[in-house]
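Here is what each chain is made of, one letter per residue.
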Amino acid sequence: MADGSRAISRDTSERRREITTMIRARGSVQVAALSDIFNVSMQTIRKDLQYLEGRGVATRAYGGAISTEVVNAPVEPAIETKRASHPEAKERVGKLAAGMVGPGDSIMLDSGTTTLQIARFLPDDEDLTVVTNDLDILTVLAQKRKIKIVMLGGELRRRNMAFYGAQTVAALDDLLLDKLFLGVDGLDIERGVTTHHEPEAQLNRRMVETAREVIAVTDASKFGKICLHRIIDVADLDALITDTGAPAYIDEAADRLGFRLHKA
């Protein structure tokens, strides 16, 4: 019995060493893939990742884990900090994005201080439908008399004054929208569009599925930042709206990956 326990311990230690090597080499791993590679249950892999998280090797993310060396934006700023950050650039981006909304469009505004600026500049058109989960955006839109507003329900997250949860995701099941304006916490060409909050990432991925066109909106400060939870790859964007402070490599990425780039 003792020999068997030592063998299991050695197997576990060896597996965790190999997973550590994979995380550091790849930047991230997925539970399902590791389960297949090592021929153990996904529950066992989750325990391994929990152990490695406790050792500072990785941080668990949706469906797997990401290397602590990769995550460079680990703390979500308070909403007051977000509102005060780069307001002029966000206003320019919001105004440009609002100008891309045409008569009869149905659009979704993701939560965020940049998408809030889009709401400010939207024309008050009775043929325009706006769907959102953001309480501040709702407040701005409610001041317009003609726009049709659809508010997604759920549980209010006071840290960013937006609604999340299963009810929020379920509300999207019967919606088909023309455009999604997706807010950004981090955007890295290799790691994709990311956010701090896992339920937000889950909701955003469902939002992407409902829209014919996915447009990311962000000021230049978000480029190169990587948050814990990935939403989509940059290549999955139809367009990106940012400001003139965006790094030069974004132009090259737009050409290579095939998304439209607009700078305000």
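Rules and cut-offs
- Residues numbered from 1 in each chain as written.
- Predicted model: local features only at pLDDT ≥ 70, side-chain atom pairs only at ≥ 80, totals over all residues.
- Heavy atoms only, no water.
- Helix = DSSP H or I, 4+ residues; strand = E, 2+ residues; numbered from the N terminus.
- Buried < 20%, exposed > 50% of the residue type's maximum accessible area, 1.4 Å probe, protein only.
- Contact = heavy atoms within 4.5 Å.
- Areas by Shrake-Rupley, 256 points an atom, 1.4 Å probe, with all protein chains shown as cover.
- Lys, Arg positive; Asp, Glu negative; His and termini not counted.
- Charge placed at Lys NZ, Arg CZ, Asp CG, Glu CD.
- Pairing = 2+ DSSP bridges.
- Axes fitted to C-alpha atoms, helices over the stretch in contact; angles between N-to-C directions.
- Core = buried A, V, L, I, M, F, W, Y, C linked by side-chain atoms within 4.5 Å.
- Arc of directions from axis to C-beta.
- Polar contact = N/O pair within 3.5 Å; in protein donor to acceptor, adjacent residues only side chain to side chain.

### Quick look at the overall build of the protein chain
Here is step 1: Scanning the protein chain from N- to C-terminus turns up ten helices and 15 strands.
Here is step 2: When the backbone C-alpha atoms are referred to their principal axes, the protein chain occupies close to 75 × 40 × 30 Å.
Here is step 3: Per-residue burial for the protein chain yields a buried fraction of 49% across its 264 residues.
Here is step 4: Taking the contacts inside the protein chain whose residues are at least 6 apart along the sequence as the reference set, 62% of them involve residues at least 24 apart.
Here is step 5: Split by element, the accessible area of the protein chain, about 12,900 Å² in all, is 48% carbon and sulfur.
Here is step 6: Once the 35 positive and 39 negative side-chain charges of the protein chain are each reduced to a mean point, those two points are 5 Å apart.

### Details of the sheet that holds strand S1 (residues 28-30)
Here is step 1: Strand order across the open sheet formed by three strands is S1-S3-S2, with antiparallel pairing between neighbours. Each edge of the sheet is formed by a strand with only one pairing partner; in this case those strands are S1 and strand S2 (58-61). Averaged over all pairs of adjacent strands, the angle between strand axes in this sheet comes to 20°, irrespective of strand direction.
Here is step 2: When S2 meets strand S3 (residues 64-67), the two strands line up antiparallel, connected through four bridges. Bridge pairing in S3 links Arg60 to Ala65.
Here is step 3: In this fold helix H2 (residues 31-38) packs onto S1 and S3, with an angle of close to 75° to the strand it touches most, S1.
Here is step 4: Relative to S2, helix H3 (residues 42-54) is tilted by about 135°, and along the sheet it contacts S1, S2 and S3.

### Overview of unusual backbone geometry
Here is step 1: At Asn39, a position not held by glycine, the phi torsion is positive, near 55°.
Here is step 2: Looking at where Asn39 falls in the secondary structure, it is placed in the loop between H2 and H3.
Here is step 3: A relative accessible area of 71% places Asn39 in the exposed class.
Here is step 4: In this structure, Met161 takes a positive phi of about 55° despite not being glycine.
Here is step 5: Among the secondary structure elements, Met161 is positioned in the loop between strand S7 (155-157) and strand S8 (162-164).

### Structural notes on the nonpolar core
It is characteristic of soluble globular proteins that their nonpolar side chains tend to be buried jointly.
Here is step 1: Judged by nonpolar contacts, the single largest core of 32 residues is most densely connected at Leu180, Leu187, Val193, Ile232 and Leu237.
Here is step 2: For this core, the secondary structure elements donating two or more residues are S8, strand S9 (177-183), helix H9 (198-210), strand S12 (211-217), strand S13 (229-232) and helix H10 (249-257).
Here is step 3: No other element matches the four residues that H9 contributes to this core.
Here is step 4: Apart from the residues within four sequence positions on either side, Leu237 is in contact with Val193, Val214, Ala216, Ile232 and Phe259.
Here is step 5: Counting 21 residues, the second largest nonpolar core, distinct from the first, contains Ala97, Leu109, Leu122 and Ala239.

### What about the sheet that holds strand S5 (residues 129-132)?
Here is step 1: Taking strand neighbours across the sheet as the criterion, the seven strands line up as S6-S5-S4-S9-S12-S14-S15 in an open arrangement whose pairing is parallel. Each edge of the open sheet is held by one strand with a lone partner, namely strand S6 (148-151) and strand S15 (260-263). For this sheet, the mean inter-axis angle between neighbouring strands, taken without regard to orientation, is 20°.
Here is step 2: As paired elements, S5 and S6 share four bridges and run parallel to each other. Each residue of the ladder has a partner; that of Val131, found in S6, is Val150.
Here is step 3: Sheet strands touched by helix H7 (residues 135-142): strand S4 (106-109), S5 and S6. Its angle to S6, the strand with the most contacts, is close to 160°.

### So, the environment of Lys148
Here is step 1: With respect to the element layout, Lys148 can be found in strand S6.
Here is step 2: Residues contacting Lys148, with those up to four places away along its chain left out, are Leu128, Thr129 and Val130.

### As for H7
Here is step 1: Residues of H7 that are buried include every one of Asp136, Ile137, Val140 and Leu141, and no others. End-on, the buried residues of H7 take up no more than an arc of 135°, which puts them together on one face.
Here is step 2: N-cap assignment for H7: the residue whose side-chain oxygen lies 2.8 Å from the backbone N of Asp136 is Asp134.

### Things to note about the pairing of S12
Here is step 1: Counting buried positions along S12 yields six of seven residues, so the element is predominantly enclosed.
Here is step 2: By the bridge criterion, six bridges tie S9 to S12 in an arrangement that is parallel. If you follow Leu180 over to S12, its bridge partner there is Val214.
Here is step 3: Bridge analysis of S12 against strand S14 (residues 239-242) gives three bridges, and the strand direction is parallel. Within the sheet, the bridge partner assigned to Val217 lies in S14 and is Ile241.

Remember that the coordinates give geometry; whether it matters functionally is a separate question.
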